[in-house]
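Close look at the chain arrangement
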Amino acid sequence: MIRASRASDLPPVPVTVADEQIGLNGAIAVALTRWVGSMPALYVALVIVGGWMTLATWGPLHRIDPYPFPFLLFLDNVVQLVLCLVILVGQRVLGGAADHRAVQTYEDAEAIFQQVADLQGHLDQHDLALSRGVSLLESSPHPWIERHRVQAPPQAKDQAVTANDRIAAWLTRRLGTMLAFYLAAGTQVAWIVLAQLGIQRFDRYPFAFMSFLSTLAQLIFMIVIMVGQDVLSRAADRRSEQTFLDAKAILHECRRMKARLISQDRILASITSYVTAQVTERLARAIHDDYGAIHESGAHAGTRGQVPRATVSLGPWDELPEEFKESNRAQARQIGEKLATIGCLMVPAFDPTLDFAFDDGELQLLARLEHERWMEERAAAGYQVGPARDGRTRPYLVPWERLSDEARAKNIQAVRRIPDMVARVGFQVLRESRGARDEPGNANSSSARYPVS
């Protein structure tokens, strides 16, 4: 039975950078990164620097910070140091999110490969059933599938293989935190406050030594950032290679399954054609037998004078001319289509205890459709309407509205016997239920429903 996908069955959403930024410090890091890493922040910085230089050259700031603007230079160094720390925080977050995505992608690929293996195993069972144990698949599984199972997902932290890489990774982990950011910012503020209060006298305004230290720290941090970028790029390359091989393996397996299904389609088409021909032939015989039974019941009912005399069309099936056999086969082939017009199905019998009966409206529609089919067939064979059944003339070769009540009753009687007729050839008529299909476990559905499997 087909089970509909539920929300709980859906895979988790992919890991994002925001998932690595948790808590107050993470929120602050997000806010800083988003605000500082934007074009408006660039415009604000240019306006502040340009305005400061203008006011320090020709305006009221000339006495405080004249050319070459030592205090502005100090502020620039402080801001650059803080930004370096923000970049390190972002790099660490990016690396963590990338590692989680790598694991998630690896697990998804493993799940896909398992599903592919299950599908191939299911197709193996089809091969056994359809080709008597002869495999219809000649190619072998993609070799990457087995390698993937024993190869760990590439992560950024695994790319730090040299001593220098490990040192850079250690520095990134220690310095790429909001705590390091707070310490750097707090140190700058404390340095200025202590100098202004006269507590520390060796680096008074314009804080030349602090500017030197900030510049040195920036140099170190920038090199660490560049090493980290190299590590991230190597990890990204490995992940891209693994994802590429995953896609190649999946494509290879899809092509294998398609080739296999094409081979099975040929066998199924042959089997279906054979089964359809056999079922059609048996249904045609049943239709012929019912046709004779209807005429016989009319004769026994005392209407012999109204029933045409026995002709070759009422004889045994084996003695029936091919023209009449083909007419019965054509009617048999269209039983399923006529049932579909009233929302019914003809399926292999699975529960003979289920009762089925057409209502009056369905009987009228089925009888009319069968009469119209018979008219088209007779007209194509050269038959014409006539006062009596004789040679190529038929009195009932008229539209349904012009048929006599007796002729309509015969058509209705014939279609009413469809459930019994198809039961004799191993089938049964069921009323299709959309609700049962959508809710296979619905206990309120009618017992005469087609089971979805």
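The rules behind these values
- Residues numbered from 1 in each chain as written.
- Predicted model: local features only at pLDDT ≥ 70, side-chain atom pairs only at ≥ 80, totals over all residues.
- Heavy atoms only, no water.
- Helix = DSSP H or I, 4+ residues; strand = E, 2+ residues; numbered from the N terminus.
- Areas by Shrake-Rupley, 256 points an atom, 1.4 Å probe, with all protein chains shown as cover.
- Axes fitted to C-alpha atoms, helices over the stretch in contact; angles between N-to-C directions.
- Parallel < 35°, antiparallel > 145°, perpendicular 65-115°, else oblique.
- Contact = heavy atoms within 4.5 Å.
- Nonpolar A, V, L, I, M, F, W, Y, C, P; charged D, E, K, R; others polar.
- Salt bridge = Lys/Arg side-chain N within 4 Å of Asp/Glu carboxyl O.
- Buried < 20%, exposed > 50% of the residue type's maximum accessible area, 1.4 Å probe, protein only.
- Core = buried A, V, L, I, M, F, W, Y, C linked by side-chain atoms within 4.5 Å.
- Left-handed = near helix turned anticlockwise from the far one by under 90°.
- 1 Å grid on protein atoms, 1.4 Å probe; cavity = no way out; pocket = protein on both sides within 12 Å on 5 of 7 lines; lining within 4 Å.
- Points joined across faces, edges and corners; volume = space filled by probe spheres on them.
- Expected span 1.5 Å × (residues − 1).
- Arc of directions from axis to C-beta.
- Phe/Tyr/Trp six-rings, centres within 6.5 Å; stacked < 30°, edge-to-face > 60°.

Notes on the overall build of the protein chain
The secondary structure content of the protein chain amounts to 13 helices and four strands. Surface accessibility of the protein chain: about 27,700 Å² in total, with carbon and sulfur atoms responsible for 61%.

A closer look at the packing of helix H10 (residues 360–380) against helix H11 (residues 405–416)
Taken N-terminus to C-terminus, the directions of H10 and H11 make an angle of 105°; their axes are 8 Å apart at the nearest point. The pairing of H10 with H11 is recorded here as roughly perpendicular in orientation. Counting all contacts with H10, which are made through Leu-363, Gln-364, Leu-366, Ala-367, Glu-370 and His-371, the residues of H11 involved are Asn-411, Ile-412, Val-415 and Arg-416. Considered class by class, the residues forming the contact of H10 with H11 number five nonpolar, three polar and two charged.

Side note on the pattern of salt bridges
The full count for this structure, using the stated rule, is 16 salt bridges. Arg-368 is paired through a salt bridge with Glu-401; the nearest N and O atoms lie 2.7 Å apart. Of the two residues, Arg-368 is situated in helix H10 and Glu-401 in the loop between strand E3 (393–394) and H11; the sequence distance between them amounts to 33 residues. Notably, a salt bridge pairs Lys-410 with Glu-406, separated by 3.8 Å at the nearest N-O pair. Here the residue Lys-410 and the residue Glu-406 both occupy positions in helix H11, the gap between them amounting to four residues, near one helical turn. Residue classification places Glu-406 among the partly exposed positions, given a relative accessible area of 33%. By sharing partners, the salt bridges in this structure join Glu-323, Lys-338, Glu-370, Arg-373, Glu-377, Arg-378 and Arg-392 into a single network.

Quick look at the nonpolar core
Membership of the largest hydrophobic core comes to 26 residues, with the highest contact counts inside it found for Leu-283, Ile-335, Phe-358, Ile-418 and Val-429. Secondary structure elements with two or more residues in this core: helix H7 (208–303), helix H9 (335–341), H10, H11, helix H12 (418–423) and strand E4 (427–431). By residue number, the principal contributor to this core is H7, which donates four residues. One finds Trp-52, Leu-61, Phe-71 and Leu-72 within the second-largest nonpolar core, a separate group that totals 12 residues.

Focus on the packing of helix H8 (residues 322–333) against H10
Contact geometry of H8 with H10 gives a least axis separation of 11 Å together with a crossing angle of 145°. Viewed along their axes, H8 and H10 form a crossing whose handedness is right-handed. Judged by residue contacts, Glu-323, Ser-327, Ala-330 and Gln-331 of H8 engage Glu-370, Arg-373, Glu-377 and Arg-378 from H10.

Notes on the layout of surface pockets
A volume near 520 Å³ is recorded for the second largest pocket. For the second largest pocket, the lining is made up of 21 residues, of which Trp-35, Ala-41, Ala-45, Val-79 and Leu-83 are closest to its centre. When contributions to the lining of the second largest pocket are tallied by element, the ones reaching two or more residues are helix H1 (23–36), helix H2 (39–58), helix H3 (70–131) and helix H6 (178–197). Looking at the lining of the second largest pocket element by element, the count peaks at eight residues for H3. Taken together, the residues of the lining of the second largest pocket sort by class into 19 nonpolar, one polar and one charged.

Topic: the environment of Leu-85
Summarising the element assignment, Leu-85 is placed in helix H3. C-alpha of Leu-85 to C-alpha of Phe-221: the two residues are 136 residues apart in sequence and 7.7 Å apart in space.

Section: helix H5 (residues 163–175)
The first and last C-alpha atoms of H5 sit 18 Å apart over 13 residues, in line with the 18 Å expected at 1.5 Å per residue. Buried within H5 we find Asp-165, Ala-168 and Thr-172. For H5, the angular spread of buried residues about the axis comes to 65°, placing them on one side.

Considering the environment of Leu-403
Structurally, Leu-403 is set in the loop between E3 and H11. Overall, Leu-403 belongs to the buried group, its relative accessible area being 6%. If sequence neighbours within four positions are ignored, Leu-403 has contacts with His-371, Tyr-396, Val-398, Arg-408 and Asn-411.

As for the packing of aromatic side chains
Applying the stated criterion across every chain yields a total of nine aromatic pairs. When the ring of Tyr-67 is compared with that of Phe-69, the centres are 5.6 Å apart and the planes differ by 90°; the resulting orientation is edge-to-face. Where Phe-74 meets Phe-207, the ring centres are 5.0 Å apart and the plane angle is 50°; that geometry is what we call tilted. Remark: Phe-207 occurs in the loop between H6 and H7 and Phe-74 occurs in helix H3; sequence separation between them is 133 residues. Residue class for Phe-74 comes out buried when judged on its relative accessible area of 0%.

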